[in-house]
Amino acid sequence: MNLFDYWWLMPLMAGILLALVAGPLGSFVVWRRMAFFGDTLAHGALLGITFGVLTDINLTLALVLGSVLLALLLLPLQNRSRLSSDTLLGIVSHSTLAIGLVTLSLAQGIRVDLMGYLFGDLLAVERIDVLWILLAAILIAVLLFWQWRALLAITVSQELAAIDGHPVQRLNLMLILLLALLVALAMKVVGILLVSALLIIPPAAARSLARTPEQMVFLASATGVISVLLGLWASFHWDTPAGPSVVVAATALFAFSLVLQSLRDSRRSA
Amino acid sequence: MNSSETTAVLSASHLQLVRQHKTVLNDISLNLKAGQIITLIGPNGCGKSTLIKVLLGLEKPDSGTVTRRTGLRIGYMPQRLSLDQRMPLTVTGFLQLARGASHERIGHWLDRLSIRALAQQSVHDLSGGEWQRVLLARALLIKPDLLVLDEPVQGVDVQGQLELYRLIPQLRDELGCAVLMVSHDLHLVMAATDEVICLNGHICCSGHPDTVSLDPAYIQLFGARQQQAPIAHYTHHHDHQHCADGHVEHRAPGKEIL
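Residues numbered from 1 in each chain as written. Chains lettered and ligands numbered in written order. Predicted model: local features only at pLDDT ≥ 70, side-chain atom pairs only at ≥ 80, totals over all residues.

### Here we look at the overall build of chain A
Counting secondary structure elements, chain A contains 12 helices and zero strands. Ordered by position from the N terminus, the helices and strands of chain A form the series α-α-α-α-α-α-α-α-α-α-α-α. Taking 270 residues into account, the globule formula puts the C-alpha radius of gyration at 18 Å, and chain A, at 19 Å, falls close to it. The long-range share in chain A, meaning contacts at least 24 apart out of those at least 6 apart in sequence, stands at 74%. (Helix = DSSP H or I, 4+ residues; strand = E, 2+ residues; numbered from the N terminus. Rg over C-alpha atoms; globule rule 2.2 N^0.38 Å. Contact = placed C-beta atoms within 7 Å.)

As structure tokens, this is what we get:
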């Protein structure tokens with residue numbers, strides 16, 4: 001019997017691959033306070049889908065293009081702190097989501113599984129999706145590994161990194177494009193509304209146990225993978241939606257890490 | 001210390017910078033030679049931090065030029081650097097991210113600055129004085145030709161301030177580097193500096209610390225202004241005296257930009 005016949009194999013692979021790269025990227029999101037930025041990318045990506053539906057191009061490609069374009073538009077905005085960036089991100093985030101929903105409803109004769117995009121459908125992941133995710137995961141892993149120290153340096157201080165001769169703007173751009181790529185691909189798995197949960201919750205769970213950035217990244221990836229396994233298992237057993245189940249599992253692990261932390265703290269102070 | 005045969009490691013001429021209709025830097029020129037310690041003083045919002053940024057190449061002036069010696073290695077200790085609590089980082093991990101960091105050099109500076117015991121500690125658990133020393137160590141890792149210290153004693157107790165100011169001329173001698181320092185307090189840096197530049201948008205006065213402290217422009221700026229004055233020994237308190245060149249702009253204390 002062919003290994004690829006197992007229906008759960010593709011969702012499992014997609015989930016694990018995403019969780020593995022969401023560990024390091026999500027850690028940067030947490031360190032650099034970009035959580036809302038990731039949300040905005042996800043919401044805006046719906047506009048990409050609309051565009052893809054209307055022009056009849058590959059939807060995954062439209063999704064990636066949509067969030068990458070949005071990331072490029074948002075990058076100068078993020079640097080200009082004189083404008084209140086959370087307000088602007090909020091406007092962009094919700095207006096693109098709303099415009100996407102309205103346009104989709106107006107597009108006549110086209111049926112799009114909206115719920116699938118809002119909440120994701122991990123179990124509907126196909127081989128081609130996994131291939132996309134695999135390629136993206138390799139790209140993200142290679143680039144992050146290659147520029148790891150420089151990325152940590154600009155996260156600690158852009159100013160010091162610039163004086164040290166790091167190409168700060170290019171590194172920022174790279175990080176944001178990789179984030180856009182991951183967000184676009186993860187949308188299919190956990191949906192627009194939960195993408196940033198996959199990015200943020202595992203690193204948050206890892207934080208209290210880690211002493212170095214590398215430990216945090218490793219623990220975040222591990223937490224993500226365990227969440228995927230638990231979520232899929234729960235989804236299989238109780239027939240719950242797979243994407244949200246993964247997020248619920250991650251949240252449970254986060255709560256568990258808080259308990260561990262308070263136990264450790266009380267032992268230390270005892 | 002001002003040996004004439006040494007060439008300038010960094011020089012600036014006629015720097016001009018306007019931000020939001022406010023002249024932040026007005027016709028500023030200076031020359032920094034190897035082995036020389038220059039201290040910039042001035043009230044909040046006088047453009048000290050902006051001038052440092054321009055000299056470091058982080059910001060472009062509207063006009064004027066900054067010339068750095070080719071291959072100049074700059075060690076920079078920022079005014080403050082707050083790390084996000086969510087990033088777990090040890091002191092050694094932090095230092096390893098600096099350019100020029102190696103195991104031996106990190107060990108050397110940890111010992112030299114007496115912070116070896118902090119090596120494996122989390123950067124989030126350090127006191128103000130300890131963190132300043134770690135930042136100084138970071139600036140020294142590159143073996144700087146030019147050491148730039150922006151308010152190096154902020155958040156450090158008086159004893160620690162005196163120690164740090166004693167350390168700076170020693171480091172200059174060990175590394176043979178030039179030092180550019182920003183300070184609020186002339187009296188503490190007096191012994192540690194060769195030349196003081198008193199800044200308030202433009203250069204009000206400059207020279208040896210003894211001379212500057214008697215300069216009417218200096219007294220005009222600091223006489224009534226000095227807020228942090230636990231050890232102020234002013235002999236002059238001439239209110240409403242005018243600058244030597246007749247005008248002082250930007251009296252409203254603006255916000256520090258850095």
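### Some words on the overall build of chain B
Looking only at helices and strands, one finds eight helices and nine strands in chain B. In chain B, which comprises 258 residues, the proportion classed as buried is 43%. For chain B, restricting intrachain contacts to residue pairs at least 6 apart in sequence, the fraction spanning at least 24 positions comes to 70%. (Buried ≥ 20, exposed ≤ 12 C-beta atoms within 10 Å, placed from the backbone.)

### Section: the environment of A:Met115
Residues and elements named next belong to chain A. Among the secondary structure elements, Met115 is positioned in helix H5 (residues 114-119). For Met115, a count of 11 C-beta atoms within 10 Å gives the class exposed. Separated by 76 residues in the primary sequence, Met115 and Gly191 have C-alpha atoms spaced 8.4 Å apart.

### Some details on the sheet that holds strand S2 (residues 22-33) of chain B
Residues and elements named next belong to chain B. Pairing within the open sheet is antiparallel, and its three strands lie in the order S2-S1-S4. The open sheet has two free edges, formed respectively by S2 and strand S4 (63-68), since each of these has just one partner strand. Strand-to-strand, the axes of this sheet are offset by a mean angle of 15°, without reference to chain direction. Relative to S4, strand S1 (residues 8-19) is paired through five bridges, and the arrangement is antiparallel. Residue Ser13 lies in a different strand from S4, and its bridge partner there is Thr65. (Pairing = 2+ DSSP bridges. Axes fitted to C-alpha atoms, helices over the stretch in contact; angles between N-to-C directions.)

### Some thoughts on the sheet that holds strand S3 (residues 37-41) of chain B
Residue and element names in this part refer to chain B. A sheet is described by the order of its strands in space; here six strands give the open sequence S5-S6-S7-S3-S8-S9, paired in mixed fashion. Both edges of this open sheet fall to strand S5 (74-77) and strand S9 (202-207), since each of them pairs with a single strand only. Between one strand axis and the next, the sheet turns through 15° on average, direction left out of account. The pairing of S5 with strand S6 (residues 146-150) spans four bridges and is parallel. Bridged to Gly75 within S6 is Leu147. Its contacts with the sheet place helix H1 (residues 48-56) against S3, S5, S6, strand S7 (178-183) and strand S8 (195-200), and it is angled at close to 155° to S6. Running over the sheet, helix H4 (residues 128-140) touches S5 and S6 and is turned about 170° from S5.

### Overview of the interface of chain B and chain A
Listed per partner, the contact involves 19 residues of chain B and 21 residues of chain A. Of the residues belonging to the side of chain B that touches chain A, the class tally is 13 nonpolar, three polar and three charged. (Nonpolar A, V, L, I, M, F, W, Y, C, P; charged D, E, K, R; others polar.)

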